[in-house]
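# A structural walkthrough
Here are the chains, one letter per residue:
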Amino acid sequence: MNHDHTPQPRPLVAPCRPLSPTEPLTWLALGWRDLRAAPLQSLFFGALVVLASVAVSAGAWLTGGFWVLVGLLSAFVFAGPVLAIGFYTVSQTLEEGRPASMGESWRRMRRSLAGTALFANLLLVVALLWARAATMVHVFFPQTSEATLLDFATYLGVGSAVGAFFCLVIFVVSAFSLPMLHDRDVDAVTAALSSINAVLRNKPAMVVWAAIIVATVAIGFATALIGLAVALPLIAYATWHGYRRTVDASAWPGRGDADR
């Protein structure tokens, strides 16, 4: 009897499960459970992000004023998904029934460092495109003292539309890709395509999820960035559970399989 041991090619895109519109609320509940199970690790990673945000914000204010600060805060859209990697390690460890620790988190983060760095570079390219688009939007800024309210509304409307477009791109591409890169031995392109596929096939649920993220991060900013120490762990843990409950990445080996 002949046995064909030729490895089967992996799909270009991981399949996804259909989600109900209220599914993100389950992710949020699971994220809160993880935050309560590992409060020290959660607050440690959250505090690092807050301190970095405060330092960057202070530097922007002192060197360029309000508009530079606004520009850097908008860059949080790009940095946020990458900053969440440390939190994914906590949820992954707890999911395996093991106690979370800082040492275990650092060890797991090193596994996906290369893939995360490549994805961060992809986000940097999008950020540069956004910065270029933002400079072009200034052509709509009224240049005369006789500008009307409609002129200013046009400028704000165009600027908001451009910003919303880039935020949408980042959200669709990174919704599930970074957890997948951390969890599985997969390339950045496949992870990004899998995220796009999952988002487009579950639009109502992902609209709810986007609204939850915006509201939670807004609360963090409204508390002078201090609230981000809790908001970021909560959203990151929920994102991990959202990935695990949505994307079927079983066709790719796990990052830690070689260690077992």
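Described below are features of the structure shown in this document. (Residues numbered from 1 in each chain as written. Predicted model: local features only at pLDDT ≥ 70, side-chain atom pairs only at ≥ 80, totals over all residues. Heavy atoms only, no water.)

## Structural notes on the overall build of the chain
Within the chain, the secondary structure is distributed over twelve helices and zero strands. Beginning at the N terminus, the succession of helices and strands in the chain can be written as α-α-α-α-α-α-α-α-α-α-α-α. The buried share among the 260 residues of the chain stands at 41%. Counting only contacts in the chain whose residues sit at least 6 apart along the sequence, the fraction spanning at least 24 positions is 78%. (Helix = DSSP H or I, 4+ residues; strand = E, 2+ residues; numbered from the N terminus. Buried < 20%, exposed > 50% of the residue type's maximum accessible area, 1.4 Å probe, protein only. Contact = heavy atoms within 4.5 Å.)

## A closer look at the side chain of S91
Relative to the elements of secondary structure, S91 occurs in helix α5 (residues 85-95). Apart from the residues lying within four places of it in its own chain, the contact partners of S91 are D34, Y237, W240 and H241.

## A closer look at a nonpolar patch on the surface
Residues L12, V189 and L193 make up a contiguous nonpolar surface patch of about 260 Å² in total accessible area. With respect to the element layout, V189 can be found in helix α10 (residues 188-200). (Patch = residues over 30% accessible without salt bridge, like charges linked within 9 Å, V, L, I, M, F, W, Y side chains within 5 Å. Areas by Shrake-Rupley, 256 points an atom, 1.4 Å probe, with all protein chains shown as cover. Salt bridge = Lys/Arg side-chain N within 4 Å of Asp/Glu carboxyl O.)

## Things to note about the environment of A84
Checked against the element boundaries, A84 lands in the loop between α4 (76-83) and α5. Along the backbone, A84 and P233 are 149 residues apart, and their C-alpha atoms lie at a distance of 7.6 Å.

## Considering the packing of aromatic side chains
Under the defined criterion, the tally for this structure stands at eight aromatic pairs. On the numbers, 5.7 Å between centres and 65° between planes, the contact of F44 with F45 is edge-to-face. Overall, the relative accessible area of 7% leaves F45 in the buried class. Ring centres of W240 and Y243 lie 5.6 Å apart, and the angle between their planes is 55°; on these two criteria the pair is classed as tilted. On the criterion of helical spacing, the pair formed by W240 and Y243 is a turn pair, its members being three residues apart in helix α12 (residues 228-246). Classification of W240 as buried rests on a relative accessible area of 0%. By the ring-pair criterion, three or more aromatic residues cluster together here, those being F44, F45, F87 and Y237. (Phe/Tyr/Trp six-rings, centres within 6.5 Å; stacked < 30°, edge-to-face > 60°.)

## Re the pattern of salt bridges
Throughout the structure, instances matching the rule amount to six salt bridges. The partner of D183 in a salt bridge is R244, and the shortest N-O contact between them spans 3.4 Å. Residue D183 is found in helix α9 (residues 177-183), and its partner R244 is found in helix α12; the two are separated by 61 residues along the sequence. Judged by relative accessible area, D183 falls into the buried class, the value being 7%. R244 sits in the partly exposed class, given a relative accessible area of 33%.

## Here we look at the nonpolar core
Ranked by internal contacts, the top residues of the largest apolar core, which has 53 residues, are F176, M180, M206, W209 and V247. Discounting chain neighbours no more than four positions away, the residues touching M180 are A14, V186, A191, S194, Y243, V247, A249 and W252. (Core = buried A, V, L, I, M, F, W, Y, C linked by side-chain atoms within 4.5 Å.)

## Brief notes about the side chain of T89
With respect to the element layout, T89 can be found in helix α5. Since its relative accessible area comes to 0%, T89 is described here as buried. With sequence-adjacent residues up to four places away left out, T89 is seen in contact with S105, R108, M109 and H182.

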